[in-house]
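Now for the letters of each chain:
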Amino acid sequence: MIPNFSYIRALSLEEAIRLLSEDDSRIYAGGTDLVGCLRDGVFSASTVVSISRLKELKGIRTTPSGGLRIGALTTIAEIARNPIIKTSYPALSMAASEVASPQLRHQGTIGGNLCQKPRCWYYRGEFYCLRKGGVHCYAVDGENTYHCIFGGENCYIVHPSDTAPALIALRASVTIAGPAGNRVVALEDFFISPSQDYTRETVLERSEIVKEIILPPPEKGLRSSYRKIRARRSWDFALAGTAMAIVFKNGQVSDARIVLSGGAPIPLRSRVVETIINGRRLDQKTATEAADALLETADPMGQNEYKIPLFRGLLIKELLSLGGYP
Ligand SMILES: Cc1cc2nc3c(=O)[nH]c(=O)nc-3n(C[C@H](O)[C@H](O)[C@H](O)COP(=O)(O)OP(=O)(O)OC[C@H]3O[C@@H](n4cnc5c(N)ncnc54)[C@H](O)[C@@H]3O)c2cc1C
Ligand code: SF4
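The structure reproduced in this document is the subject of the present report. Since the model is a prediction, treat every value here as computed from it, not as a measurement.

Parameters and conventions
- Residues numbered from 1 in each chain as written.
- Chains lettered and ligands numbered in written order.
- Predicted model: local features only at pLDDT ≥ 70, side-chain atom pairs only at ≥ 80, totals over all residues.
- Heavy atoms only, no water.
- 1 Å grid on protein atoms, 1.4 Å probe; cavity = no way out; pocket = protein on both sides within 12 Å on 5 of 7 lines; lining within 4 Å.
- Points joined across faces, edges and corners; volume = space filled by probe spheres on them.
- Nonpolar A, V, L, I, M, F, W, Y, C, P; charged D, E, K, R; others polar.
- Near = heavy atom within 4 Å.
- Sits in = over half its atoms within 2 Å of the grid points.
- Pairing = 2+ DSSP bridges.
- Helix = DSSP H or I, 4+ residues; strand = E, 2+ residues; numbered from the N terminus.
- Axes fitted to C-alpha atoms, helices over the stretch in contact; angles between N-to-C directions.
- Contact = heavy atoms within 4.5 Å.
- Core = buried A, V, L, I, M, F, W, Y, C linked by side-chain atoms within 4.5 Å.
- Buried < 20%, exposed > 50% of the residue type's maximum accessible area, 1.4 Å probe, protein only.
- Disulfide = S-S within 2.5 Å.
- Polar contact = N/O pair within 3.5 Å; in protein donor to acceptor, adjacent residues only side chain to side chain.
- Areas by Shrake-Rupley, 256 points an atom, 1.4 Å probe, with all protein chains shown as cover.
- Patch = residues over 30% accessible without salt bridge, like charges linked within 9 Å, V, L, I, M, F, W, Y side chains within 5 Å.
- Salt bridge = Lys/Arg side-chain N within 4 Å of Asp/Glu carboxyl O.
- Right-handed = clockwise from strand over helix to strand, strands pointing away.

Right, let's get into the layout of surface pockets. In this structure, the second largest pocket spans a volume of roughly 420 Å³. Lining the second largest pocket are 21 residues, and of these R119, Y146, V158, D236 and F237 sit closest to its centre. Residue composition of the lining of the second largest pocket, by class: eleven nonpolar, five polar and five charged.

Applying the stated criterion to the full structure yields one cavity of 30 Å³ or more. Here the largest cavity is characterised by a volume of approximately 100 Å³. As for the largest cavity, its lining consists of 15 residues, of which C120, C129, C137, C155 and I157 are closest to the centre. A per-class count over the lining of the largest cavity returns eleven nonpolar, three polar and one charged.

Around ligand 2, a shell composed of 13 residues is seen, among which C120, C129, C137, C155 and Y156 lie nearest. The cavity where ligand 2 resides is the largest cavity. Residues that form the shell around ligand 2 fall into these classes: eleven nonpolar, one polar and one charged.

An order of β1-β3-β2 is seen for the three strands of this open sheet, with the pairing classed as parallel. Looking along the sheet, the strands with just one partner apiece sit at the ends: β1 (6–9) and β2 (25–28). Averaged over all pairs of adjacent strands, the angle between strand axes in this sheet comes to 25 degrees, irrespective of strand direction. With four bridges joining them, β1 and strand β3 (residues 47–50) adopt parallel strand pairing. Each bridged residue has a counterpart across the sheet, and for S6 the counterpart in β3 is T47. On top of the sheet, helix α1 (residues 13–20) reaches β1, β2 and β3; it is set at about 145 degrees to β2, its chief contact.

Judged by nonpolar contacts, the single largest core of 41 residues is most densely connected at L92, L114, L167, V174, F190 and L215. Contributing elements (two or more residues each) for this core: β5 (68–71), α3 (76–81), α5 (90–97), α7 (110–115), α9 (163–169), β6 (173–178), β8 (209–215) and β10 (240–249). Sorting elements by how many residues they give to this core places α9 first, with five residues. Excluding residues that lie within four positions of it along the chain, V174 makes contacts with L114, R183, V184, V185, L187, F190, V210, E212 and I213. Among the nonpolar cores identified, the runner-up in size contains 29 residues, and F248, V273, L314 and I316 belong to it.

The subject of this paragraph is the state of the cysteines. Summed over all chains, the structure comprises zero disulfides. Distance from the sulfur of C37, which forms no disulfide, to the nearest cysteine sulfur (C115) is 12 Å. Relative accessible area serves as the criterion here: at 1%, C37 is assigned to the buried category.

This brings us to the site of ligand 1. Contacts to ligand 1 come from 32 residues, most closely from I27, T32, L34, T109 and D162. With respect to ligand 1, the backbone of D33 contributes an N or O atom lying 2.8 Å from an oxygen atom. D162 is positioned such that a nitrogen or oxygen atom in its side chain is 2.7 Å from a nitrogen atom of ligand 1. Here ligand 1 has 980 Å² of accessible area as a free molecule, and 93% of this is covered by the chains. At the level of secondary structure, the elements contributing two or more residues to the shell around ligand 1 comprise β2, α7 and β8. Here the shell around ligand 1 takes four residues from α7, the largest share from any one element. Looking at the shell around ligand 1 residue by residue, the class counts come to 16 nonpolar, ten polar and six charged.

Where nonpolar side chains cluster on the molecular surface, the patch consists of I2, F5, Y7 and V35 and spans about 310 Å² of accessible area. Inspection of the secondary structure puts V35 in helix α2 (residues 34–39). When its relative accessible area of 32% is taken as the criterion, V35 is described as partly exposed.

Strands sit in the order β9-β10-β11-β12 across an open sheet of four strands; the sheet is antiparallel. Lying at the two open borders of the sheet, with one neighbouring strand each, are β9 (222–229) and β12 (268–269). Of the pairings in the sheet, the one linking β10 to strand β11 (residues 252–261) comprises nine bridges and is antiparallel in character. Paired with M244 across the bridge in β11 is I258. Its contacts with the sheet place α5 against β9 and β10, and it is angled at close to 20 degrees to β9.

All right, on to the pairing of β2 then. Here β2 runs beside β3; their pairing, made up of four bridges, is parallel. Note that in β3 the partner of I27 across the bridge is V49. As for the winding sense of the linkage, the β-α-β connection from β2 through α2 to β3 is right-handed.

Printed below as a string of structure tokens:
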């Protein structure tokens, strides 16, 4: 049962920000995650503020510098099929194509995908766990098959978004609109790990709205990709995933951003992999060394050790593929 709430369609960004300053109000974009959270009692809302009519939050535009601005209300399906994104930012196009099912991609927005709540079954269930304000993480001694193997502390969720790791690899930033105006945050700094604060997922303050995502122009020699392994082919969240954006010069890596999905509470940059591959050709020796080094940093829980060979195989395969050894 979904509890009663007032539903208001904001007619301007200013009105939405003002309505959100009221206690216990929530943004509704496509509603695919919000409605489930209200139904399952993840949080409550006395007012739901729909932003779906805000035209300034829609669409994909090129910037004067040759980059892209993607409005927060742009659907995942629009991103997956956009020809500029397909050609210049393949990691993002691949990630968007891997999100959920066609129906959810048509309804779900990119802003909602970045701000969706974690999928931990205790959190989504009736357990008053640490992240909900309780004192206990039930995953530690409980069912932790789908939990993290990197970066867990206090809370062991994996970040659910496929698009976030791809956008971080591609150096995206977000414009956030709030009562004091706009601020721009690198997407890499947008997510909050449990070691910083286990009750929050992002740096958004009450009344703040993600307005758009900004992608810089693609560098010469950039190759990018997103791959994920999931339990079911039809739709599912990542068990293990990699987003890569690698710049090559004379066949060698001159710059690399490698971001993991399905492994950590935030989309996690793997600096250890980036350091190892920098300045080298992406051959079998380099890829294997990088994967082994990554997995030395893993700290699996009781039931998710199976993720280690998944990440190893995926990382080696994708590094070789971008390096031209398919
Ligand atoms: C069955 C199922 C399978 C799924 N599988 C995947 C998957 O494989 N990969 C994946 O990445 N995702 C997956 N998802 C998540 C799905 O992609 C998200 O539900 C969707 O992207 C959210 O978009 P929305 O517009 O519907 O957001 P909403 O449900 O409207 O909002 C989601 C949250 O973000 C907040 N919010 C929305 N827009 C903004 C904004 N502009 N600024 C600030 N806060 C905002 C809302 O208040 C809410 O808390 C799945 C979801 C379901 C239900
Ligand atoms: S992993 Fe996080 S969300 Fe899940 S039960 Fe533990 S504290 Fe709660």
